[in-house]
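Now for the letters of each chain:
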Amino acid sequence: MKKLYIILVAAVLSLGACEKSEFQTEGDFFHLENKGAKMPIWVKGNFSSEVMIVTVHGGPGDSGMEQHIAPGFKLLEEDYLLVYWDQRYSGMTQGHYDLETQTPDQFIEDCEKVVQLLQHRYPGKKLFMIGHSWGGQLSAGYLGRDNHAANFKGWIDLNGSLYGDLEAQLMKNYVLERVPEKMAEPGADQEYWQQMIDWYEENPNPKNYSDPEPYWFVSAVGGDVYDYEAYQEIAPVPYVELIFKSMFTLSYYVDAFYGSDTYGLWDDLNYTPELANITIPALMLWGAEDGIVPAPLADYVYEHLGTDPSMKEVVKIPECCHGPQNETPEVFYQEVSRFVETYKNQ
């Protein structure tokens with residue numbers, strides 16, 4: 001049995017070695033080294049396009065390379081040049097773990113250097129930035145400081161975080177509004193749903209990052225993915241290809257941000273003041289049913305942005321939660337490309 005297992009593993013490994021995928025053959029792959037972190041950057045898509053879209057992934061602690069798997073981003077790659085990069089302590093980034101560099105300000109500095117490197121390697125490209133979830137918060141902090149926004153034609157805030165305390169309360173409202181409906185369903189486990197009500201009574205002011213319970217509750221009431229079966233069909237994760245035929249490593253599945261001692265550093269973030277400094281065109285693109293970063297935050301961002309009302313808008317996609325790029329890829333593509341085409345020459 002042991003010998004058979006070894007043979008099977010060897011067969012899979014040989015298959016991965018013989019067949020190369022797009023992860024190994026397409027685009028430009030390089031690294032940015034800054035303050036102990038070696039961060040991978042993957043540029044792929046339509047190299048003849050004058051437009052370059054810089055993606056900023058969520059988490060913190062997720063992977064920018066994973067964004068490429070999303071069918072919505074694949075559609076964008078047909079028209080534009082896309083940039084995927086892993087932030088420090090995320091995805092495939094290498095380096096030394098140091099709490100002194102695990103700060104939001106350091107992530108903003110890294111973002112700044114990524115953009116500078118891209119401008120050096122690809123001069124003349126018309127830049128747009130799209131930040132998803134935590135990436136929305138990071139991109140807001142980056143764009144709202146030191147006139148960074150002047151480097152970009154526009155910003156797409158995709159279900160993006162911004163203000164931790166506000167979001168935690170919006171998540172609380174989202175859950176508590178839906179729990180009674182769940183309790184009223186035939187055969188509902190009353191004790192299961194009551195624990196959510198009890199938890200919020202004991203924790204009326206939860207933390208946005210270091211308290212995991214609200215995220216469990218949101219998932220339980222269906223606020224992370226609107227239709228999970230459809231999601232699995234539209235955007236399946238190719239684990240075998242990722243592990244055996246790509247530049248991904250198993251370290252991708254290890255999140256350096258686990259634990260209150262690390263996530264806690266992010267709880268008090270509020271980049272509302274930075275929004276006033278952002279005056280470029282902006283699209284707040286949201287899943288209307290998102291419970292992780294609830295849709296009312298899109299309106300909050302709109303209200304506090306320094307952008308003229310004629311150049312900013314909120315689009316909420318029906319029957320979609322936290323990942324429009326996966327759940328409703330066609331709509332995601334249409335809205336982003338419409339925005340890019342509108343403002344790329346302004």
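In case you missed it, the structure is sitting above this.
Residues numbered from 1 in each chain as written. Predicted model: local features only at pLDDT ≥ 70, side-chain atom pairs only at ≥ 80, totals over all residues. Heavy atoms only, no water.

Here we look at the side chain of R88
Mapped onto the elements of the fold, R88 is located in the loop between β4 (81-85) and β5 (94-95). Side-chain polar atoms of R88 contact the side chain of T101, separated by 3.5 Å. In this structure the side chain of R88 is engaged in a polar contact, spanning 2.5 Å, whose partner is the side chain of D110. (Helix = DSSP H or I, 4+ residues; strand = E, 2+ residues; numbered from the N terminus. Polar contact = N/O pair within 3.5 Å; in protein donor to acceptor, adjacent residues only side chain to side chain.)

Things to note about the packing of helix α6 (residues 164-183) against helix α7 (residues 190-202)
Running from N to C, α6 and α7 cross one another at 155°; their axes reach a closest spacing of 10 Å. By the angle class used here, α6 and α7 are roughly antiparallel. α7 is crossed by α6, and the crossing has left-handed handedness. Along its contact with α6, which presents M171, K172, V175, L176, V179, K182 and M183, the element α7 presents Q190, W193, Q194, M196, I197 and Y200. A breakdown of the residues in the contact of α6 with α7 according to their chemical character gives 9 nonpolar, 2 polar and 2 charged. (Axes fitted to C-alpha atoms, helices over the stretch in contact; angles between N-to-C directions. Parallel < 35°, antiparallel > 145°, perpendicular 65-115°, else oblique. Left-handed = near helix turned anticlockwise from the far one by under 90°. Contact = heavy atoms within 4.5 Å. Nonpolar A, V, L, I, M, F, W, Y, C, P; charged D, E, K, R; others polar.)

Details of the packing of aromatic side chains
Per the stated rule, a full pass over the model turns up 15 aromatic pairs. Judged by centre distance (6.1 Å) and plane angle (85°), the rings of Y142 and F152 are edge-to-face. One end of the pair, Y142, is in helix α5 (residues 134-143); the other, F152, is in the loop between α5 and β7 (154-158), and 10 residues separate them in sequence. Each member of the pair, Y142 as well as F152, is classed as buried. Taking 4.8 Å as the distance between ring centres and 80° as the angle between the ring planes, the aromatic pair formed by Y192 and W193 counts as edge-to-face. Y192 sits in the partly exposed class, given a relative accessible area of 35%. Linked through ring pairs, W42, F73, Y84 and F332 together constitute an aromatic cluster. The lysine or arginine in question, K312, covers the ring of Y302, its NZ or CZ lying 4.5 Å from the ring centre. (Phe/Tyr/Trp six-rings, centres within 6.5 Å; stacked < 30°, edge-to-face > 60°. Buried < 20%, exposed > 50% of the residue type's maximum accessible area, 1.4 Å probe, protein only. Lys NZ or Arg CZ within 6 Å of the ring centre and 35° of its normal.)

Overview of the pairing of strand β1 (residues 28-34)
The pairing of β1 with strand β2 (residues 37-45) spans 7 bridges and is antiparallel. Residue pairing for β2: E33 is matched across the bridge by K38. Counting the residues between successive antiparallel strands, the hairpin from β1 to β2 contains 2 residues, one of them, K35, with a positive phi of roughly 45°. (Pairing = 2+ DSSP bridges.)

Observations concerning the packing of α6 against helix α13 (residues 296-304)
One can describe the packing of α6 onto α13 by two numbers: an axis separation of 10 Å at closest approach and a directional angle of 150°. As far as their axial angle goes, α13 and α6 are roughly antiparallel. Across the interface between the two elements, L166, E167 and L170 from α6 touch P296, L297 and Y300 from α13. Within the contact of α6 with α13, the residues separate by chemical class into 5 nonpolar, no polar and 1 charged.

Observations regarding the pairing of β4
Most of β4 is tucked away, with 5 of its 5 residues classed as buried. Burial along β4 is two-sided: L81, V83 and W85 and L82 and Y84, pointing in opposite directions, are all buried. Both β2 and β4 contribute to a ladder of 5 bridges, which runs antiparallel. Paired with G45 across the bridge in β4 is L81. Sheet topology note: the strand β3 (residues 51-56)/β4 ladder contains 3 bridges and is parallel. Residue pairing in the sheet places I53 in a bridge with L82 of β4. Where the polypeptide runs from β3 across helix α3 (residues 71-79) and back to β4, its parallel neighbour, the crossover connection is right-handed. (Right-handed = clockwise from strand over helix to strand, strands pointing away.)

None of this, on its own, says anything about what the molecule does.
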